Amino acid sequence: MTPTDTLPLAARHLLEKIRSRSARVGVVGLGYVGLPLAVEFAKAGFQVTGIDISQQKVDQINAGSSYVQDVPSSDVRDLVSRGLLRATADFSAIAELDTVNIAVPTPLRKTKDPDMSYVVSASQQVARHIHPGMLVILESTTYPGTTEELLLPMFEGSGLKAGRDFFLCFSPERVDPGNPKYQTKNIPKVVGGITPACTQVGAAFYGMALDTVVPVSNTVVAEMVKLLENTFRMINIGLVNELAVMCHRMNINVWEVIDAAATKPFGFMPFYPGPGLGGHCIPIDPFYLSWKSKQAGIEARFIELAGHINGDMPRWVVSRIQDALNDQCKPLRNSRIHVLGAAYKRDIDDVRESPALDIIHLLMQRGAAVAYSDPYVPELRMDHATLRSEPLDALSSCDCAVIVTDHRAFDYDKIVRLAPLVLDTRNALKGRPEAHILRL
Ligand code: SAJ
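Calculation criteria
Residues numbered from 1 in each chain as written. Predicted model: local features only at pLDDT ≥ 70, side-chain atom pairs only at ≥ 80, totals over all residues. Heavy atoms only, no water. Phe/Tyr/Trp six-rings, centres within 6.5 Å; stacked < 30°, edge-to-face > 60°. Buried < 20%, exposed > 50% of the residue type's maximum accessible area, 1.4 Å probe, protein only. Helix = DSSP H or I, 4+ residues; strand = E, 2+ residues; numbered from the N terminus. Near = heavy atom within 4 Å. Polar contact = N/O pair within 3.5 Å; in protein donor to acceptor, adjacent residues only side chain to side chain. Areas by Shrake-Rupley, 256 points an atom, 1.4 Å probe, with all protein chains shown as cover. Contact = heavy atoms within 4.5 Å. Domains from an automatic or database assignment. Buried area = accessible area lost by both parts, 1.4 Å probe. Salt bridge = Lys/Arg side-chain N within 4 Å of Asp/Glu carboxyl O. Pairing = 2+ DSSP bridges. Right-handed = clockwise from strand over helix to strand, strands pointing away.

Undergrad: Help me understand the packing of aromatic side chains, please; the structure alone is not making it clear to me.
TA: The geometry of two aromatic rings is summed up by the distance between their centres and the angle between their planes. What the rule picks out here adds up to eight aromatic pairs. With 5.7 Å between their ring centres and 65° between their planes, F41 and F46 make a pair best called edge-to-face. Both residues of the pair, F41 and F46, belong to the buried class. Taking 4.8 Å as the distance between ring centres and 55° as the angle between the ring planes, the aromatic pair formed by Y143 and W291 counts as tilted. With Y143 in the loop between strand 5 (135-138) and helix 6 (146-156) and W291 in helix 10 (residues 285-295), this pair connects stretches of sequence that are 148 residues apart. With relative accessibility at 23%, the residue W291 sits in the partly exposed group.

Undergrad: What is the right way to read the site of the ligand from this model?
TA: Surrounding the ligand, one finds 18 residues, the nearest of these being K226, N230, R233, Y272 and Y344. The backbone of Y344 places a nitrogen or oxygen atom 2.7 Å from an oxygen atom of the ligand. Contacts to the ligand include K345, whose side-chain N or O atom sits 3.0 Å from an oxygen atom. Computed on the free molecule, the ligand has an accessible area of 730 Å², of which 85% lies beneath the protein chains in the complex.

Undergrad: It is not clear to me how the environment of V120 should be interpreted in this structure. Could you clarify?
TA: Structurally, the position occupied by V120 is in helix 5 (residues 117-129). Judged by relative accessible area, V120 falls into the partly exposed class, the value being 23%. Sequence-wise, V120 and L150 are 30 residues apart; in three dimensions their C-alpha atoms are separated by 8.0 Å. Setting aside residues up to four positions removed in sequence, V120 forms contacts with L150 and M154.

Undergrad: So what exactly am I meant to see when it comes to the domain arrangement of the protein chain here?
TA: Interface size, as often reported, equals the accessible area lost upon joining of the parts. Assigned domains of the protein chain: these are domain 1 (4-217) and domain 2 (234-439). Between domain 1 and domain 2, the C-alpha centre-to-centre distance is 36 Å. On the domain 2 side, the residues contacting the 17 residues of domain 1 number twelve residues. Contact with domain 2 buries area across many residues of domain 1, yet L108, K112 and Y143 alone supply 33% of it, more than any other trio. The tally of links between domain 1 and domain 2 comes to two salt bridges.

Undergrad: Would you explain the pairing of strand 2 (residues 47-51) in this entry?
TA: Here is the key point about a regular strand: its side chains alternate between the two faces of the sheet. Of all the five residues making up strand 2, four are buried; the element is thus mostly covered by neighbouring parts of the structure. With five bridges joining them, strand 1 (residues 24-28) and strand 2 adopt parallel strand pairing. Among the inter-strand pairings, R24 is bridged to a residue of strand 2, identified as Q47. Viewed along the sheet, the connection from strand 1 through helix 2 (residues 34-43) into strand 2 turns out right-handed. In this structure, strand 2 lies alongside strand 3 (residues 85-88), joined through four bridges in parallel fashion. Note on strand 3: the bridge partner recorded for I51 is T88.

Here it is as structure tokens:
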């Protein structure tokens, strides 16, 4: 930590504004990351301006309404009424701000290459309005080097110098939608700057609103931290998915194996097999690392292999359904398959990259008649059909049900009672002895 009085003058001035809460805070991108962050800084007493390209989101926030499940509308309404939070679609507002966090999507292209278009567009807006004394922090998950190689030149093109005139950091978002225990305020916040002064200003900024700040030496380390976190998950899920296939072939209950292994009090962390890898983080983030490491001449073999294994799970699930029907002399074609759960994980409504979509697509491709039930997803738009969530009573007329998402809201007694055959890909029916229950 550099003694404050040896920091550049602009840093000292900005730190004073941050510590007195007179710094005008801005958040670009008001999604499941940006809105909770904006609310936390407003709650900490800063005047916060949320900026988003969606006029609908802007209007909802200014009307005191939240569209993010972890942010109560009552919080938004209170902060807006107290003048601590406002939203706009006008990026020129950045010119009046002292700090700007960028929290926009970083999806993958079909070619599994990073799609940086949202980050570039938002950064161009910031570059257009950047002024001396600003702190800019990128939060979008991205490949190591993005802040330094992509954003820094855009901002220094103004003639300002990072670490002297303005301050530039990366801080990985760690929002886990729906997590009842960990939310934006109490999740430790890693932050790394282009220079030590940048890191110091960034850490002081987060320290005003969040419980724990973890400064690291630069932006590349901070970018890599996030990728390690999520690649770790993706690869370990791939490991247990491959184990599930092995165990099926060897007639071993993989769920019992994992539960027993999880009794080891050290050196082990349980992951569970499933129908595939969904969501907008885990299936995607590791390929940002894989893409960058290829540029460094290193093939990320673990990531590629886990990607294949996880990507193959929907096909494995369909083959298990096909085998189960075959044992009853029923072809998959024209059989009625009822998919239970469309969301990518339980108790949420998000279907992005959901394996359920792949499973439904594969079943339809093979001529099966598909219905689904998901209390959180009333409608599913597939390539050539729009399906609507059916009541569980429809199970009595299916040939096979498949539990793809183990929502707590499902009536599992009814599912077991009505479905003639159930393939459980989530161990939602753990311990039930019924012979018509099959497990991954
Ligand atoms: N999955 C498995 N087996 C597992 C765990 C997950 O098949 O053992 C599947 C899920 O069903 C889902 C996908 O993987 O389809 C991703 O699940 P996830 O539990 O990782 O949930 P996400 O995608 O919401 O991941 C987020 C991430 N949070 C951030 O990136 C900030 C991740 O780092 C968190 O660890 C995760 O939430 C969490 O723990 O809930």
